[in-house]
Amino acid sequence: MNGVTARYLARRLLAAVGVLWAAFTVSFVVLYLLPGDPVATMASGGLDGEPLPPEQLDALRARYGLDQPVLVQYGQRLLAALTGDFGTSIQNGQDVRGAILDALPPTLQISVAGLLVAVLFGGTVALVATYTRAPWLRQLLMALPSLAVSLPVFWVGLMLVQVFAFGFHLLPSVGANGAAALVLPAVTLGLPTGALVAQVLAKSLSQALGEPYVTTARAKGVGRAGIHLRHALRNAALPALTVLGYVVGNLLAGSVVVETVFTRPGLGRLTVAAVGVQDIPVVQGIVVFAAAVFVLVNLAVDLIYPLLDPRIGAIS
Amino acid sequence: MSRPLVLWLAAAAVLLGACGATPAASTADPGTPRPGGTLRFAVSSDQGCADPQQVGSNDTIFSLRQVVDSLTDQDPATGELRPWLATSWEANADASAYTFTLREGVTFSDGTPLDAAAVKANFDAVPDLGPRASLPKGYLAGYTGTTVESPTRFTVTFDEPNVQFLQGTSTHSLGILSPATVGKSDDERCASVIGSGPFLIESYTRDDSIVLAKRAGYAWGSSLWQSPGEAQLDRVEFRIVPESGVRVGSLQSGEVDAIGNIAQQDEAVLAAAGVQLIARANPGIPFGISFNQATPIGGDAAVREAVSLAIDRAEVVATVYSSQTTPATSALASTTPGYADQSALLRFDPVEAGSVLDAAGWLPGPDGIRARNGTPLTVVLTWYSNSPANRATVELIQQQVRRVGIDLQLREKPISESTPTQQSGDFVANWGNLTRADPDILRSQYSTAGNNYNRLAPGPLDALLAEQAAQPDPADRAATVAQAQQLLVRGYHTIPVVELTTVLGVAADVHGVLFDASSRIQLHDAWKVQP
């Protein structure tokens, strides 16, 4: 590692810390500015509890530190967060870090499975669309991603459940038990993400196919498939890699809907429950965690990039 | 969910139903209950806590109600309290002290005996519970302590009359938990609790499921149950399925045996699949409009009367709610003990509404909105999105009152704002309800000695509400409560519109799923036809 790379790394790490701090602060401000507070929400007793007298509500706010001045609350939370402690959930008293770590594995499962579906679906569509000589097939395939992106995720999920679970009894409709239960959520999550991959990959494949080195390869007698897979795809994969950070974000955001439709535990469900009752510690924990994932993925992409394309490393 | 999507789903479901296994409608006599089997019940939400004393949402109460016994049980048909853990009880003259006699031989599922000391430990701990426990805190308002006289005899005392406490003892909120559970912090109790009920918690996974197993050796229970002793079902699995389309599909395809939260648009599909739709109106204060009477508009009796006359309750019910729902007919829902029909005062008469407003000087303006001395007749109605039907309801009411020249403006707020809004008085009209199987809810809502969120002026109503709170005799109390309802409705202090109704879908081969007096379920007698 030379001095240039070290400085580059240091700069990126500093930016990452900035992003995490911003995520923490913005989520705190937004939650704080929302009308109502978690104590009032919980004391409203689900749908139809009788309201507690104000003095009891005040006592409960004091218990959760919600009676402190806003800057004190912010400072205390920030200091604790620096040590990795996001406090305990106001809703159920669970340790926030533990709750996020518990919710992580099931979300990782559908995210990885969804990513697999996305790469397979997106890659296939892009390759076939740029390879085929039939204009109608090309146009059809190029239209698919736009369609898949514009379909609401929860609608796709519900339709899949209706057809494959309730209609043909092929797959379980809900739950997180076993690989079979992973299929429908993965497809639901993977389709819109795959569409994104397809769009980016098809565009850069078309571009690559017009490059001079393709003409050279063709002149040397390399077959169409060989050009497509060995030459064009390798070069076109780089731009697709840059959207990886965005794809991971897509998968995380999609997990909110997919986990709700398919009744799976995970970060998405945890988020929905916490936002609904303004459970500030949990929401902040999730926001900071998601920001950290983003930062790490983008950092990883930046670090891998020079390895794949030596020209970038030479410039920086 | 948007309407086109719902139609789409319904169409898809009907088409697919042909290839799926559709349970046949059972019209035959169900026969005698047979023990065994697992009941799978899908509900829409999880409140995040497995302690019956700390939950208030029906979806969670459905499961946790089965885990605890209560001192008393309330007969859903008559509203009378019947023996359960307590064999007898008496109140002192002003209903500020209650002495209970417990049955013997009851144990919690951890083996400890359920005695007077255990009950005392439960009640003593309630004031220290957090904000989740607003219901038991309300029932024990003014609690000064419990005196244990013998292992089976104890007295609960309050610093003022508390007649609603007795009904509270029949609810899940004051269900009795093992001293081992009571000794834990409120947050710890959310993970799991130990009760003495016909079922025990086998596992609780947040946002996923609550699994109950039959308590072996259960030999007590409510005097209202059909068969004493152990429950019929071996297990009950409550699954959390937030998406309504998935819940309906799961029941249709036989993946679950029962579901909650059934909307109007789901009924036809489920009925076609042979599902039993069982319903009961929630007792307490029905959904309706109350006013901040300290405001010029809310304090104008003519405006309140005109709003009431302009609302076509039958149309509201038919358009928005499930077919078993009925219009509200009093300040209390028809399933509340002490309910007295006031429907004669709650008619739909837009012509009369017009004359009332004319007489009060609210005259039609050029844009159709009435005005008085240049002030348009605008009523701002605050409502909350806590019940899915609320939006459609208030929008329909907005159209209905517009026809008599009232400009109803809708202001939506999150449910967490409900208490602060009413406390601060930052509202003119408020849309809401309260579920409670005791008429004392009228006192906490409308007495000027209480919160008085509606800013009512002190009057004869206060005396009636205070009187019923100290009347241990049910007949005397019902007479007082009837007068209070009449005053409330006649003075248009509340405009009841619709009785919130709990509708469940239950598969044709499941029997004995019964509503309790609070329109929640009791599963001790439930059984399933075995294949």
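Residues numbered from 1 in each chain as written. Chains lettered and ligands numbered in written order. Predicted model: local features only at pLDDT ≥ 70, side-chain atom pairs only at ≥ 80, totals over all residues.

Chain B appears in an unreviewed UniProt entry as ABC transporter substrate-binding protein from Pseudonocardia adelaidensis. As its UniProt record puts it under Subcellular location (unreviewed entry), chain B is described as follows: "Cell envelope". If you open the UniProt record of chain B and go to Sequence similarities (unreviewed entry), you find "Belongs to the bacterial solute-binding protein 5 family." (UniProt positions renumbered as here; feature names shortened; annotations may be inferred.)

Looking at an unreviewed UniProt entry, one finds chain A named ABC transporter permease, with Pseudonocardia adelaidensis as its source organism. One UniProt comment on chain A, placed under Sequence similarities (unreviewed entry), says "Belongs to the binding-protein-dependent transport system permease family." Note on chain A: under the UniProt heading Subcellular location (unreviewed entry), the record states "Cell membrane".

### Observations concerning the pairing of strand S6 (residues 143-150) of chain B
All names here are of chain B. Where S6 meets strand S7 (residues 153-158), 6 bridges bridge the pair, whose relative direction is antiparallel. Across the sheet, residue Val148 finds its bridge partner in S7, namely Phe154. Hairpin connection, S6 to S7: the antiparallel pair is bridged by 2 residues. (Pairing = 2+ DSSP bridges. Helix = DSSP H or I, 4+ residues; strand = E, 2+ residues; numbered from the N terminus.)

### Re helix H10 (residues 301-310) of chain B
Residue and element names in this part refer to chain B. Burial within H10 is extensive, with 8 of its 10 residues counted as buried. The set of residues buried in H10 consists of Val303, Arg304, Glu305, Ala306, Val307, Ser308, Leu309 and Ala310. Where the residues of H10 are buried, they touch strand S13 (284-291), helix H12 (350-359), strand S17 (378-384), helix H13 (390-402) and strand S20 (494-498). (Buried ≥ 20, exposed ≤ 12 C-beta atoms within 10 Å, placed from the backbone. Contact = placed C-beta atoms within 7 Å.)

### Looking at the sheet that holds strand S4 (residues 86-91) of chain B
All names here are of chain B. Strand order in the open sheet formed by 4 strands is S4-S5-S7-S6, and the pairing between neighbours is antiparallel. Strands with a single pairing partner mark the edges of an open sheet, and in this sheet they are S4 and S6. Averaged over all pairs of adjacent strands, the angle between strand axes in this sheet comes to 20°, irrespective of strand direction. Where S4 meets strand S5 (residues 97-102), 5 bridges bridge the pair, whose relative direction is antiparallel. Counted as the bridge partner of Ala91 is Tyr98 from S5. (Axes fitted to C-alpha atoms, helices over the stretch in contact; angles between N-to-C directions.)

### A closer look at the UniProt feature "transmembrane region" (unreviewed entry) in chain A
The feature "transmembrane region" (unreviewed entry), as annotated in UniProt, sits at residues 12-34, 110-131, 143-168, 180-202, 237-262 and 282-308 of chain A in this numbering. As annotated, residues 237-262 of chain A has a helix share of 92% and a strand share of 0%, and its two end C-alpha atoms lie 32 Å apart.

### Description of the sheet that holds strand S9 (residues 209-214) of chain B
The 7 strands lie next to each other as S8-S9-S10-S1-S11-S21-S12 (chain B), forming an open sheet whose pairing is mixed. Since the sheet does not close on itself, it has two edges, and those belong to strand S8 (199-205) and strand S12 (276-281) of chain B, each with one partner.

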